[in-house]
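Here is what each chain is made of, one letter per residue.
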Amino acid sequence: GGSLLRKGLVCVLLRSLHCQYAVHSHAADPNLFPKRLPVWCKRLLLWGISGTGRVIVLTQFWHDQFSSLLNLPAGRILLLPNPANLPKSIPDRSMTEGVKLLFLGRIGARKGAFDVIRALATLPEVLQARCHLTLAGDGDIDTAQMLATQLGCSSRVTISGWVGPADVDRLLAESDVLLLPSYAEGMAMALVEAMSWGLAVVTTKAGGAGEFLQNGRNSLLVTPGDVLGISDALSELVTNRDRRVQLGQAARVTISQFSIDHYVLKLACVYEELAGKLPGGKPSTFLGAEPSRETLMPAV
């Protein structure tokens, strides 16, 4: 949408000036351009983006999308998943009473926020009584509140709106389950953070998440829009504390392989490589061979 238009125009300028630059994509929707954008404008923006020294993408799904869209050599597209910054310790959730559910992200249809509320409302009363759902994020807060009221579960739903980093960490530490049944994603940082904190996660394969998530092993995967599927996953996690803890521990092990140290090093290598191509620039002193997809996307 507007983000691509703004940054695409910057890329057009940079390519026109023969600059070295990198494009780091966090797109969520494979339909990158607004529907009414003229064809000539799309071509201009693609020309600007395709002049980049590197396109950095989050998953193999997005690697394939940009490879097809831009027709770039494989070496110009770098797969670099969002990094995990693991807390040194996580809460012991093996003795908790009740189940704290968390939705973290922009409240709206794309991330499945309304589906989460509907799924909670479909649970039997005895299970609803054991749950509390917190939705933290900006977006369509009024619609979410009205929906919870209409479905009769508003007493079990807190909509806190946008929260800062300290409150995000507090919510992650206090919660048991992350619900993020997105229809489209880049690679959701809320998912990365929740796994880092050892939460059991209920999510979808949107944006390539299925490349590092495995249903029943380190997550519960649902189909976007499947409210009954989300409700079934909730029932399983609410009634089985050991299962919640096991999934959360497995999620933390999986995401720990996305080292933030490796991420920073790889970005530094990319920037140094591009700087070395500038007039008078020095070749990279520590840019090694490209890491394999297996190095960046751990097996599950």
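These remarks concern the structure in this document. Because the structure is predicted, anything quoted here is derived from the model rather than measured. (Residues numbered from 1 in each chain as written. Predicted model: local features only at pLDDT ≥ 70, side-chain atom pairs only at ≥ 80, totals over all residues. Heavy atoms only, no water.)

Some thoughts on the nonpolar core
Counting 62 residues, the largest nonpolar core has Leu-101, Leu-133, Leu-135, Leu-178, Leu-191 and Phe-212 as its most contacted members. Ignoring anything within four residues of it in the chain, the contact list for Leu-135 reads Phe-103, Ile-107, Ala-113, Ile-117, Val-157, Thr-158, Ile-159, Ser-160 and Gly-161. Core analysis: the next-biggest nonpolar cluster, separate from the first, contains 18 residues, Leu-4, Ile-49, Val-55 and Trp-62 among them. (Core = buried A, V, L, I, M, F, W, Y, C linked by side-chain atoms within 4.5 Å. Buried < 20%, exposed > 50% of the residue type's maximum accessible area, 1.4 Å probe, protein only. Contact = heavy atoms within 4.5 Å.)

With respect to the sheet that holds strand E5 (residues 131–136)
Strand order in the open sheet formed by 6 strands is E6-E5-E4-E7-E8-E9, with parallel pairing between adjacent strands. The open sheet is flanked by strand E6 (157–161) and strand E9 (220–221), the only strands paired with a single partner. By the bridge criterion, 2 bridges tie strand E4 (residues 99–104) to strand E7 (residues 177–180) in an arrangement that is parallel. Following the sheet pairing, Leu-101 is matched in E7 by Val-177. Packed on one face of the sheet, helix H7 (residues 165–174) meets E4 and E5 and runs near 145° to E4. Across the sheet, helix H8 (residues 189–196) is in contact with E4, E7 and strand E8 (200–203); its angle to E7 comes to roughly 165°. (Pairing = 2+ DSSP bridges. Helix = DSSP H or I, 4+ residues; strand = E, 2+ residues; numbered from the N terminus. Axes fitted to C-alpha atoms, helices over the stretch in contact; angles between N-to-C directions.)

Points about the packing of aromatic side chains
For the structure shown, the criterion picks out 3 aromatic pairs. Note on Phe-61 and Trp-62: the rings are 5.2 Å apart at their centroids and 90° apart in plane angle, and the pair reads as edge-to-face. Under the relative-accessibility criterion, Phe-61 is labelled partly exposed at 29%. Each residue in the set Phe-61, Trp-62 and Phe-66 is aromatic and connected to the rest through ring pairs, giving one cluster. (Phe/Tyr/Trp six-rings, centres within 6.5 Å; stacked < 30°, edge-to-face > 60°.)

Observations regarding the sheet that holds strand E2 (residues 54–57)
Pairing in this open sheet of 3 strands is parallel, and the strands run E1-E2-E3 from one edge to the other. Each edge of the open sheet is held by one strand with a lone partner, namely strand E1 (22–24) and strand E3 (77–79). In this sheet, adjacent strand axes meet at a mean angle of 20° when their direction is disregarded. As defined by bridge partners, E1 adjoins E2 across 3 bridges and the pair is classed as parallel. Bridge pairing in E2 places Val-23 opposite Val-55.

Side note on empty space enclosed by the protein
What the rule picks out here adds up to 1 cavity of 30 Å³ or more. Its volume calculated, the largest cavity comes out at about 90 Å³. Lining the largest cavity are 14 residues, and of these Glu-185, Ala-188, Leu-191, Ala-206 and Ala-209 lie nearest its centre. When grouped by side-chain class, the residues that make up the lining of the largest cavity number 7 nonpolar, 6 polar and 1 charged. (1 Å grid on protein atoms, 1.4 Å probe; cavity = no way out; pocket = protein on both sides within 12 Å on 5 of 7 lines; lining within 4 Å. Points joined across faces, edges and corners; volume = space filled by probe spheres on them. Nonpolar A, V, L, I, M, F, W, Y, C, P; charged D, E, K, R; others polar.)

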